[in-house]
Each structure stands twice: as structure tokens, then as C-alpha cells.
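Single-letter residue listing:
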Amino acid sequence: MSTKLIKMVKLNNLEYNPNRDPQVYRRVVGHPFRIQAFLGGSGKATITLSCEGKTLKESTLELPGNFSYELTFKDAGVRIVTLTVKNDNQSESRDLLLDTEAHAKVG
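Residues numbered from 1 in each chain as written. Predicted model: local features only at pLDDT ≥ 70, side-chain atom pairs only at ≥ 80, totals over all residues. Heavy atoms only, no water.

Focus on the environment of Ser 50
Alright, step 1. Here Ser 50 shows up in strand 4 (residues 33-51).
Alright, step 2. Taking C-alpha positions, Ser 50 is 14 Å from Phe 67, a pair spaced 17 residues apart along the chain. (Helix = DSSP H or I, 4+ residues; strand = E, 2+ residues; numbered from the N terminus.)

Here's what the structure looks like:
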């Protein structure tokens, strides 16, 4: 029996829910997205954060544990960032939709 490696993901200190209104997580260019992953299981795991085919962050930590990373984009747009956790016999991934606006809304 395998346990879930990714217990919960938070984006900007809110539990990530892909069905939630994207405005909740949206950021203005230059303001960071804070990604937190709460991990279960045992042993060592490799955590990879990637976007558009590029690895943004890769680290190894002891399970159970927490992973945190702040990410800033220089231009507006919608991107899919993939969080992947791998240990000896298991792998799990989550896609996060990150939306960046060029300017803050006024009013």
C-alpha cells in the first residue's frame, strides 16, 4: 500500500484548488507566488518545480517534510508550473495554474 507523497499544496498561503476562481491566486508582475508543499511518506525524496520545460528548483529532503519556494515572473501571462515529488518507488505530480497581470487593477 502506498501513501500519498503530496498531502497538500498551498499557493500564496491558500490551499490550492484548481476549481477556485483564478483571481484568488493572481499576482502582478514582479510580485512573488509562494508555493508550499506538505509532503508525506518516508525516506528521501526529490522535489522538482518546473515551468515551460525548465527546472526552476530542485531539492532533496527527508520525508515527511515541507517544501517552500517563491517564484516571480517578469512578464504577464498564464503559466502551468509542475510540482513533482519522487522517492525510491513512487512519484506524484501536481500542476499549478499561475496567472500574472501586467498592472494592478484600480478601484
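Once the structure has been displayed, the description carries forward.
Section: unusual backbone geometry
Alright, step 1. Following Leu 63, the chain continues into Pro 64 via a peptide bond in cis, with omega recorded as -10 degrees.
Alright, step 2. Looking at where Pro 64 falls in the secondary structure, it is placed in strand 5 (residues 54-71).
Alright, step 3. In this model, Asn 13 sits at a positive phi of 70 degrees, which is unusual for a non-glycine residue.
Alright, step 4. Tracing the backbone shows Asn 13 in the loop between strand 1 (6-11) and strand 2 (14-15).

Thoughts on the pairing of strand 1
Alright, step 1. Pairing geometry for strand 1 and strand 4, over five bridges, is antiparallel. Note on strand 4: the bridge partner recorded for Lys 10 is Gln 36.
Alright, step 2. Two successive antiparallel strands, strand 1 and strand 2, enclose a turn made up of two residues, where Asn 12 displays a positive phi of approximately 55 degrees. (Pairing = 2+ DSSP bridges.)

A look at the environment of Asn 19
Alright, step 1. Among the structural elements, Asn 19 can be located in the loop between strand 2 and strand 3 (27-28).
Alright, step 2. In the structure, Asn 19 is positioned 34 residues away from Gly 53 in sequence and 24 Å away in space, judged by C-alpha atoms.

Topic: the nonpolar core
Alright, step 1. Judged by nonpolar contacts, the single largest core of 24 residues is most densely connected at Ile 35, Leu 39, Ile 47, Val 81, Leu 83 and Leu 98.
Alright, step 2. Listing elements by their share of this core, those giving two or more residues are strand 1, strand 4, strand 5, strand 6 (77-86) and strand 7 (91-101).
Alright, step 3. No other element matches the eight residues that strand 4 contributes to this core.
Alright, step 4. The contact partners of Leu 83, leaving out residues within four places of it in the chain, are Ile 6, Val 9, Ala 37, Ile 47, Thr 48, Leu 49, Phe 67, Glu 92, Ser 93 and Arg 94. (Core = buried A, V, L, I, M, F, W, Y, C linked by side-chain atoms within 4.5 Å. Buried < 20%, exposed > 50% of the residue type's maximum accessible area, 1.4 Å probe, protein only. Contact = heavy atoms within 4.5 Å.)

Concerning the pattern of salt bridges
Alright, step 1. Going through the model one piece at a time under the given rule, you end up with four salt bridges.
Alright, step 2. Here Asp 75 ties to Arg 79 by a salt bridge, and the two come within 2.6 Å at their closest N and O atoms.
Alright, step 3. Between Arg 94 and Glu 92 there is a salt bridge, and its shortest N-O distance comes to 3.6 Å. (Salt bridge = Lys/Arg side-chain N within 4 Å of Asp/Glu carboxyl O.)

What about the packing of aromatic side chains?
Alright, step 1. For the structure on display, the rule yields two aromatic pairs.
Alright, step 2. Where Tyr 16 meets Tyr 25, the ring centres are 5.3 Å apart and the plane angle is 35 degrees; that geometry is what we call tilted. For the pair Tyr 16 and Tyr 25, one class covers both residues: buried.
Alright, step 3. Look at Phe 33 and Phe 73: their rings are 6.0 Å apart centre to centre, the planes differ by 65 degrees, and that puts the pair in the edge-to-face class. Of the two residues, Phe 33 sits in strand 4 while Phe 73 sits in the loop between strand 5 and strand 6, which places them 40 residues apart along the sequence.
Alright, step 4. The exposure class of Phe 33 is buried, given its relative accessible area of 1%. (Phe/Tyr/Trp six-rings, centres within 6.5 Å; stacked < 30°, edge-to-face > 60°.)

Function cannot be inferred from these measures alone, as they are strictly geometric.
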